[in-house]
Amino acid sequence: MADQPGWIKLVQGPDGAELRAGGAWIVEHAAALDRLIAETAKAAPPKALDLAEVTLLDSAGAWLLARATSQGEAGAVPWLNLAAEFQPLAERVLAAGPKVTPERPRPRTFVDWVADVGEGAEEVFSETLDLVAFFGEFVLALGRVILRPRRFRWKPLLVHIEQTGINALPIVGLISFLVGVVLAYQGADQLRRFGAQIFTVNMVGVSVLREMGILLTAIVVAGRSGSAFTAQIGTMQVSEEVDALRTMGLDPMEVLAIPRVAALVISLPLLTFFADLMGLLGGGVMCVLLVDITFSQYLGLLNNAVTATHFWVGMVKAPVFAILIALVGCFEGLRVSGSAESVGKMTTRSVVEGIFLVIIFDALFSVLFSILSI
Amino acid sequence: MAAQSSNVIEIRGLVNRFGPQVLHDGLDLDVRRGEVLGVVGGSGTGKSVLLRTIIGLNRPAAGDIRVLGRLTRELDDEAWRKLQTRWGVLFQNGALFSSLTVAENIQAPMRERGDLPPELMEELAGLKIKLVGLPVEAGGKYPSQLSGGMKKRAGLARALALDPEILFLDEPTAGLDPIGAADFDQLIRSLQQSLGLTVVMITHDLDSLVTICDRIAVLVDKKVKVGTLDELMRDTHPWIQSYFHGPRARAAGIVVG
């Protein structure tokens, strides 16, 4: 690129001022040329623009020159002596017209903001309705499958159990173990002040079995498998696979949703059981270290502290949470529309809604159990 | 710049292989300045891979590629980025960024340069939109609001954002109706002439080959055969024979009678 950068200057000719431009008028120098034009154009309108010395011209350069000489408007400055090789380009750019800038979108006002809040609220409401309707459709499809069990798809069920259950064991186990450790550590610290350190065992046992085991497992699974469901079904939606299913007379609910929900209903309780064990193990390790008891003493104390009821209170929530997470995952997946961007958006939404619903239902369960005094 | 060579792209001894499968084996190809070169070939002969190799998305197993006189594999990052601004690519479905409007899409490569004032970028984006024959209002729309043909035009506008010297097109008329495809062919031809572009286009569209391509490169036997339509018509290679003498070729008016 040995070409000299473009230049433009005002020259006093025999019959008035004339603009003269030369060099390379290309996008590479556009920023500098833009400034140069702003400085030159301050003078009174020239009679003509002489382009004899222009060595390179591209559409950006031509546009800058066209704008400087207000082409296409009243009082346009005529162009002279443009090299023949640049003529077609100049014609083309000038044909695009003086006004090329698209209108900017209107700036947002306070009213827009209020309208957004309203729209958002309406969307939450209508989406809740849609989710309830989806649940209804799911129950109907489930009824059809129960009446004709041969239509149930076993292979995807097993695949999803493996993906959502077996593959989640390490992360669920590790998190539960660590939470058991933390509970015991904090509990022992607080209870020591009352000389009630030994009750750390009760605290760990009851909180892990009733709440922590199931809640942590459900949150991990919502993040891990709920999102995966949405992404899988969403991608199928984008590549029109879901439409293909429909045209073959296959119900996406039956083919996609039921195996996933069933798989999670099986794997989430099993994962919860595993999480309970790991949580109690973590608490036990910490009790042995801090409370000065042996591990067999810990097991003995645990046996007195918790009953089967505590265990079942936790476990009974697992299938409910499984249905919530899997349904939301499939629901958001089927709501994906067209673009890949919406897969990402819906996946985020699926995780947030899944965890939100899990916690809401956990609170409802607490109320229910306290009414039943369990 | 123009004095160095009349070839803007020179490929020598290109080898591309994926596992045991060899796609290109000692492929040589020259693209001359200011021509429209059509690239054709059967499915799986590596048309797209050839294009991706030239623009640096695929690293060849062997061979030299010179683009605008520069040996691509010897360029450092800085020089490579500089070279990249001298070509534009239109991907098959436009590949517009879905989260940006058309005008913002066109400004994306300009923004990368970093020195253009925002108003000028807006104006240049508007100019490109007009150049590719879209209405000015299209600039404020998102890709999902555009039809397939408009998406291609918008993609073309983005490819032209930095006034490149070479334009790579991957099946520009695929998925367009015959009228839209003919319009798009004419658009490419007229832009090529007025902006002084060199165009390399992969295509399956025999009409495009007839109406706008100066020369045609056929991918056969892991190499290319280049020639004008007339020269290739006389070629005895069986694939080329059936390609240019098949029923569709007849429909496109290549074969008379």
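Residues numbered from 1 in each chain as written. Chains lettered and ligands numbered in written order. Predicted model: local features only at pLDDT ≥ 70, side-chain atom pairs only at ≥ 80, totals over all residues.

1. Observations regarding the pairing of strand β2 (residues 16-25) of chain A
Residue and element names in this part refer to chain A.
Turning to step 1, where the next piece is worked out: The pairing of strand β1 (residues 7-13) with β2 spans seven bridges and is antiparallel. Along β2, the bridge assignment pairs valine 11 with glutamate 18.
Turning to step 2, where the next piece is worked out: Two strands pair when backbone bridges link them, and β2 and strand β3 (residues 49-57) are joined in this way by six bridges, in the parallel orientation. Looking across to β3, one finds that leucine 19 is bridged to leucine 49. (Pairing = 2+ DSSP bridges. Helix = DSSP H or I, 4+ residues; strand = E, 2+ residues; numbered from the N terminus.)

2. Notes on the domain arrangement of chain A
Turning to step 1, where the next piece is worked out: The domain boundaries assigned to chain A delineate domain 1 (7-95) and domain 2 (119-371).
Turning to step 2, where the next piece is worked out: A straight line from the C-alpha centre of domain 1 of chain A to that of domain 2 of chain A covers 68 Å. (Domains from an automatic or database assignment.)

3. Things to note about the interface of chain B and chain A
Turning to step 1, where the next piece is worked out: Taken together, the 26 residues of chain B in the interface contact 24 residues of chain A.
Turning to step 2, where the next piece is worked out: Secondary structure elements with two or more residues in the side of chain B that touches chain A: α4 (118-131) and α6 (178-195) of chain B.
Turning to step 3, where the next piece is worked out: The biggest single contributor to the side of chain B that touches chain A is α4 of chain B, with eight residues.
Turning to step 4, where the next piece is worked out: Its residues assigned to classes, the side of chain B that touches chain A shows 11 nonpolar, nine polar and six charged. (Contact = placed C-beta atoms within 7 Å. Nonpolar A, V, L, I, M, F, W, Y, C, P; charged D, E, K, R; others polar.)

4. Let's talk about the nonpolar core
Turning to step 1, where the next piece is worked out: One finds Trp25 of chain A together with Val39 and Val199 of chain B to be the most contacted residues of the largest nonpolar core, which totals 94 residues.
Turning to step 2, where the next piece is worked out: In terms of residues, this core owes the most to one element, helix α2 (residues 59-68) of chain A, which gives seven residues.
Turning to step 3, where the next piece is worked out: Setting aside anything within four residues of it in sequence, one finds valine 199 of chain B in contact with Val36, Leu37, Leu167, Leu169, Ile188 and Gln192 of chain B.
Turning to step 4, where the next piece is worked out: Val172, Ala184, Leu209 and Ile233 of chain A belong to the second-largest nonpolar core, a separate cluster that totals 56 residues. (Core = buried A, V, L, I, M, F, W, Y, C linked by C-beta atoms within 7 Å. Buried ≥ 20, exposed ≤ 12 C-beta atoms within 10 Å, placed from the backbone.)

5. Description of the packing of α2 of chain A against helix α3 (residues 87-95) of chain A
All names here are of chain A.
Turning to step 1, where the next piece is worked out: Packing of α2 against α3 leaves a shortest axis separation of 9 Å and a crossing angle of 60 degrees. Between α2 and α3, the crossing angle belongs to the class labelled oblique. Remark: the crossing between α2 and α3 carries right-handed chirality. Residue-level inspection shows Ser59, Ala62, Trp63 and Ala66 of α2 in contact with α3, the latter providing Leu89, Ala90, Val93 and Leu94.
Turning to step 2, where the next piece is worked out: Here the contact of α2 with α3 is built from residues that sort into seven nonpolar, one polar and no charged. (Axes fitted to C-alpha atoms, helices over the stretch in contact; angles between N-to-C directions. Parallel < 35°, antiparallel > 145°, perpendicular 65-115°, else oblique. Left-handed = near helix turned anticlockwise from the far one by under 90°.)

6. Focus on the sheet that holds strand β1 (residues 7-18) of chain B
Residue and element names in this part refer to chain B.
Turning to step 1, where the next piece is worked out: Spatial ordering of the open sheet is given by β2-β1-β4-β5, a layout of four strands whose pairing is antiparallel. The two strands at the open ends of the sheet, each matched to only one other strand, are β2 (21-32) and β5 (70-71).
Turning to step 2, where the next piece is worked out: In this structure, β1 lies alongside strand β4 (residues 62-67), joined through five bridges in antiparallel fashion. Looking across to β4, one finds that glutamate 10 is bridged to arginine 66.
Turning to step 3, where the next piece is worked out: In this fold helix α1 (residues 47-54) packs onto β1, β2 and β4, with an angle of close to 120 degrees to the strand it touches most, β1.

7. Focus on the sheet that holds strand β7 (residues 166-170) of chain B
Residue and element names in this part refer to chain B.
Turning to step 1, where the next piece is worked out: Pairing is mixed in the open sheet, where six strands are placed in the order β6-β7-β8-β3-β9-β10. Looking along the sheet, the strands with just one partner apiece sit at the ends: β6 (87-90) and β10 (223-227). Between one strand and the next, the sheet's axes are offset by a mean angle of 20 degrees, whatever the strand orientation.
Turning to step 2, where the next piece is worked out: Summarising the sheet, strand β9 (residues 215-220) and β10 pair through five bridges and their orientation is antiparallel. By the bridge assignment, isoleucine 216 is partnered in β10 with glycine 227.

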